[in-house]
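Chain by chain, the residues run as shown.
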Amino acid sequence: MHTAAGAQARLPIRSDMDLVWVRQHVRQAAAQIGFGLVDQTKLVTAASELARNTLVYGGGGTMETEPLAEGGTRGLRLTFSDEGPGIADLEQALSDGFTSGGGLGMGLGGARRLVHEFAIESNPGAGTTVRVTSWVGRAPRPREEI
Amino acid sequence: MSEAFPGPHAGPVTGHVPVLRLGEVLLVTLQGDLHDSTAQQLQQDLAETISRSGATGVIIDISGVEIVDSFLGRVLAEIAGQTELLAARTVLVGMRPAVAITLVELGLTLPGVHTALSTEVALDLLTRHAPSSHFGGLRQESP
Ligand SMILES: Nc1ncnc2c1ncn2[C@@H]1O[C@H](COP(=O)(O)OP(=O)(O)OP(=O)(O)O)[C@@H](O)[C@H]1O
Ligand SMILES: [Mg+2]
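Predicted model only: the values in this text are computed from it and were never measured. (Residues numbered from 1 in each chain as written. Chains lettered and ligands numbered in written order. Predicted model: local features only at pLDDT ≥ 70, side-chain atom pairs only at ≥ 80, totals over all residues. Heavy atoms only, no water.)

Moving on, we get to the pairing of strand β3 (residues 73–82) of chain A. All names here are of chain A. The pairing of strand β2 (residues 61–70) with β3 spans ten bridges and is antiparallel. Paired with Glu 64 across the bridge in β3 is Thr 79. The hairpin formed by β2 and β3 contains two residues between the paired strands, and Gly 71 there has a positive phi angle of roughly 55°. (Pairing = 2+ DSSP bridges. Helix = DSSP H or I, 4+ residues; strand = E, 2+ residues; numbered from the N terminus.)

The following block contains the structure:
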């Protein structure tokens, strides 16, 4: 599965092979949009965390990528959606170290620290959507905010 | 060990990662994008190889790895822990700066995992405490 880098795209997340495609696609899109190496790495890592959650906890789903331009600044938005069991306690899920599946519990909180904007919506029984956005050339979010 | 190393821009890595043996040290080179199952397979292969060979050290070269997320980070930490239980030590070599920056922000500092900037330094670390060990053919096999 190869979609044009930087273009709007929707990728399936159904297997750990798909996680590889997700990472490769985000890497290509981020590079094409103009993210530097460190920021590419942060975005790809955040995408890997969120895609794995979509697969493991959400029972599979999709990632949508959307290149953005706002007042001369370019950005990349990634949306992960699944129709799995959802998350009953979002605050608990986001806190470092909480896991219901034998992980490290660093994925959600870590992904939030790696991007500029982070939004999560989850309804128990109806699935989870996580949307992250980063902008080229913008400094990382200050620690206090997170 | 008959498998060829994938090139730096090779596609996803599946199956077994080759484990080379240099005297009492096992050398693993990770490159490209690893499947979750490949990382887990490596963890199992290493445990078996250590207990079978009596190796006292493991060097994992990750200079070709572009991202380490919490899954791969956990596997690496578990490899280090499991190696120690088998009376050996693991040293992680060649982490890219962008990967290190990202790991810290992610919140993974991999406590208990030894690191070195080069394979040479790692070998030195691993062999310093075993001065009487014999390491045949070391120099020839390092890049
Ligand atoms: N898409 C999702 N659907 C349902 N539950 C989720 C989803 N994503 C995360 N969760 C819940 O939030 C918890 C925390 O997720 P997080 O990614 O932080 O940690 P983890 O996946 O358990 O471990 P790690 O990512 O460190 O390997 C999960 O254990 C799971 O209970
Ligand atoms: Mg996770």
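Residues and elements named next belong to chain A. Taken together, 19 residues sit near ligand 1, with Asn 53, Tyr 57, Thr 99, Ser 100 and Met 106 positioned nearest. Contact distances for ligand 1 include 3.2 Å between an oxygen atom and a backbone N or O atom of Leu 104. Between an oxygen atom of ligand 1 and a main-chain N or O atom of Gly 105, the distance comes to 2.9 Å. Those elements that provide at least two residues to the shell around ligand 1 are α2 (37–56) and α4 (107–114). Residues of the shell around ligand 1, tallied by class, amount to seven nonpolar, ten polar and two charged. (Near = heavy atom within 4 Å. Polar contact = N/O pair within 3.5 Å; in protein donor to acceptor, adjacent residues only side chain to side chain. Nonpolar A, V, L, I, M, F, W, Y, C, P; charged D, E, K, R; others polar.)

A few words now on unusual backbone geometry. Residue and element names in this part refer to chain B. You will see that Ala 87, though not glycine, has its phi angle at about 65°, which is positive. With respect to the secondary-structure elements, Ala 87 resides in the loop between α2 (70–85) and β4 (89–93). Unlike most non-glycine residues, Leu 110 shows phi in positive territory, near 50°. Mapped onto the elements of the fold, Leu 110 is located in the loop between α3 (97–106) and β5 (114–116).

Counting 63 residues, the largest nonpolar core has Leu 78 and Phe 118 of chain A together with Leu 30, Leu 46 and Ile 60 of chain B as the members making the most contacts within it. Here this core takes seven residues from α2 of chain A, the largest share from any one element. Among the nonpolar cores identified, the runner-up in size contains ten residues, and Ile 59, Ala 122, Leu 123 and Leu 126 of chain B belong to it. (Core = buried A, V, L, I, M, F, W, Y, C linked by side-chain atoms within 4.5 Å. Buried < 20%, exposed > 50% of the residue type's maximum accessible area, 1.4 Å probe, protein only.)

For the structure on display, the rule yields eleven salt bridges over all chains. Across the salt bridge formed by Glu 66 of chain B and Arg 27 of chain A, the nearest N and O atoms sit 3.6 Å from each other. Of this pair, Glu 66 of chain B sits in the loop between β3 (57–64) and α2 while Arg 27 of chain A is found in helix α1 (residues 16–33), placing the two residues in two different chains. What makes Arg 27 of chain A buried here is its relative accessible area of 13%. Here Glu 105 of chain B ties to Lys 42 of chain A by a salt bridge, and the two come within 3.2 Å at their closest N and O atoms. One end of the pair, Glu 105 of chain B, is in helix α3; the other, Lys 42 of chain A, is in helix α2, on a second chain. Residue Glu 105 of chain B is classed as buried on the basis of its relative accessible area, which comes to 11%. (Salt bridge = Lys/Arg side-chain N within 4 Å of Asp/Glu carboxyl O.)

Moving on, we get to the sheet that holds strand β1 (residues 9–13) of chain A. Residues and elements named next belong to chain A. Spatial ordering of the open sheet is given by β1-β2-β3-β5-β4, a layout of five strands whose pairing is antiparallel. Bordering the open sheet on either side are β1 and β4 (117–123), each of which pairs with just one other strand. Between one strand axis and the next, the sheet turns through 15° on average, direction left out of account. One ladder, built from eight bridges, connects β3 with strand β5 (residues 127–135); its direction is antiparallel. What sits directly across from Thr 79, in β5, is Arg 131. (Axes fitted to C-alpha atoms, helices over the stretch in contact; angles between N-to-C directions.)

Let us look at the interface of chain B and chain A. Taken together, the contact between chain B and chain A spans 21 residues of the former and 27 residues of the latter. Counting the surface lost from both chain B and chain A, the interface buries some 2100 Å², and carbon and sulfur atoms represent 57% of this. In terms of surface lost to chain A, no three residues of chain B exceed Ile 67, Glu 105 and Leu 106 of chain B, which account for 29% of the buried area on that side. At the boundary of chain B and chain A, one finds six salt bridges. Counting the contacts that link chain B with chain A gives 14 residue pairs in polar contact (both at pLDDT 80 or more). When residues of the side of chain B that touches chain A are traced back to their parent elements, those giving at least two are α1 (36–53), α2 and α3 of chain B. Looking at the side of chain B that touches chain A, the element that brings in the most residues is α3 of chain B, giving six residues. Class assignment of the residues belonging to the side of chain B that touches chain A gives a composition of ten nonpolar, five polar and six charged. (Contact = heavy atoms within 4.5 Å. Buried area = accessible area lost by both parts, 1.4 Å probe.)

Let's shift gears to α2 of chain B. In an α-helix, one full turn covers 3.6 residues, which means residues spaced three or four apart are oriented alike. Relative to the 22 Å expected for 16 residues at 1.5 Å per residue, α2 of chain B spans 22 Å between its end C-alpha atoms, a close match to the ideal helical length. Residues of α2 of chain B that are buried include every one of Ser 70, Phe 71, Leu 72, Gly 73, Val 75, Leu 76, Ile 79, Ala 80, Gln 82 and Thr 83 of chain B, and no others. Elements that come into contact with the buried residues of α2 of chain B comprise α2 of chain A together with β2 (25–31), α1, β3, β4 and α3 of chain B. Two to three positions downstream of the cap, the backbone nitrogen of Phe 71 of chain B sits 3.1 Å from a side-chain oxygen, assigning the N-cap of α2 of chain B to Asp 69 of chain B. One or two steps after α2 of chain B, the chain reaches Ala 87 of chain B, where phi turns positive at roughly 65°. (Expected span 1.5 Å × (residues − 1).)

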